[in-house]
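# Structural overview
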Amino acid sequence: MFLALLVCGIVVALVVIGLFVFGLRRRLIQRAGGTFDCSLRWDLPDEPDPNGKGWVYGVARYSGDEIAWFRVFSYSPRPRRILERSSIVALERRMPEGEEELALLSDSVIQPCMYEGVRLELAMSEDARTGFMAWLEAAPPGQRVNVA
């Protein structure tokens, strides 16, 4: 009986510690500022299927001329993707269709982009998209604007 209680206590403690580390990691990511909730789909065909598959929930953070994208459900302190402003080409935005509405946050709009020949989609709120487009167009003098 004692062993069963000990094992249950250890399992509960590990779950609590795991949840605490998730929260602490997100706080550390957001501490620098300039973050927004942003789901990502990477390396899509030219005509993506709106079945909702492939979306990964994350947090993006502006960092100078880069956006660092972090998976939410990860313990890694490093970003999963780093997108350089000069290599991002924004395509025409679209609204979620079909099962995508269930896979994304309720107020999301989808911003398709090309990044070094790879098609990707970012899903974020309309306010975050406005900030993203302003950041993209605010390239330093001498750099091209990458809005299609």
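Residues numbered from 1 in each chain as written. Predicted model: local features only at pLDDT ≥ 70, side-chain atom pairs only at ≥ 80, totals over all residues. Heavy atoms only, no water.

## Comments concerning a nonpolar patch on the surface
Residues Phe 2, Leu 3, Leu 6, Val 7, Ile 10, Val 11, Leu 14, Val 15 and Leu 19 make up a contiguous nonpolar surface patch of roughly 910 Å² in combined accessible area. Residue Leu 3 is classed as exposed on the basis of its relative accessible area of 60%. (Patch = residues over 30% accessible without salt bridge, like charges linked within 9 Å, V, L, I, M, F, W, Y side chains within 5 Å. Areas by Shrake-Rupley, 256 points an atom, 1.4 Å probe, with all protein chains shown as cover. Salt bridge = Lys/Arg side-chain N within 4 Å of Asp/Glu carboxyl O. Buried < 20%, exposed > 50% of the residue type's maximum accessible area, 1.4 Å probe, protein only.)

## Here's the deal with the sheet that holds strand S4 (residues 66–71)
Judged by pairing direction, the sheet is antiparallel, and its four strands sit side by side in the order S1-S3-S4-S5 without closing on themselves. With one partner strand each, in any of the chains shown, strand S1 (35–37) and strand S5 (81–84) form the two edges of the open sheet. Within the sheet, the average angular offset between the axes of one strand and its neighbour, ignoring direction, is 20 degrees. Relative to S4, strand S3 (residues 58–63) runs antiparallel, the two being bridged by six bridges. The residue bridging Arg 61 from the neighbouring strand is Ala 68, located in S4. Sheet strands touched by helix H1 (residues 2–31): S1, S3 and S4. Its angle to S3, the strand with the most contacts, is close to 25 degrees. Packing against the sheet, helix H3 (residues 126–137) makes contact with S1, S3 and S4, and its axis sits at approximately 35 degrees to S3. (Pairing = 2+ DSSP bridges. Helix = DSSP H or I, 4+ residues; strand = E, 2+ residues; numbered from the N terminus. Axes fitted to C-alpha atoms, helices over the stretch in contact; angles between N-to-C directions. Contact = heavy atoms within 4.5 Å.)

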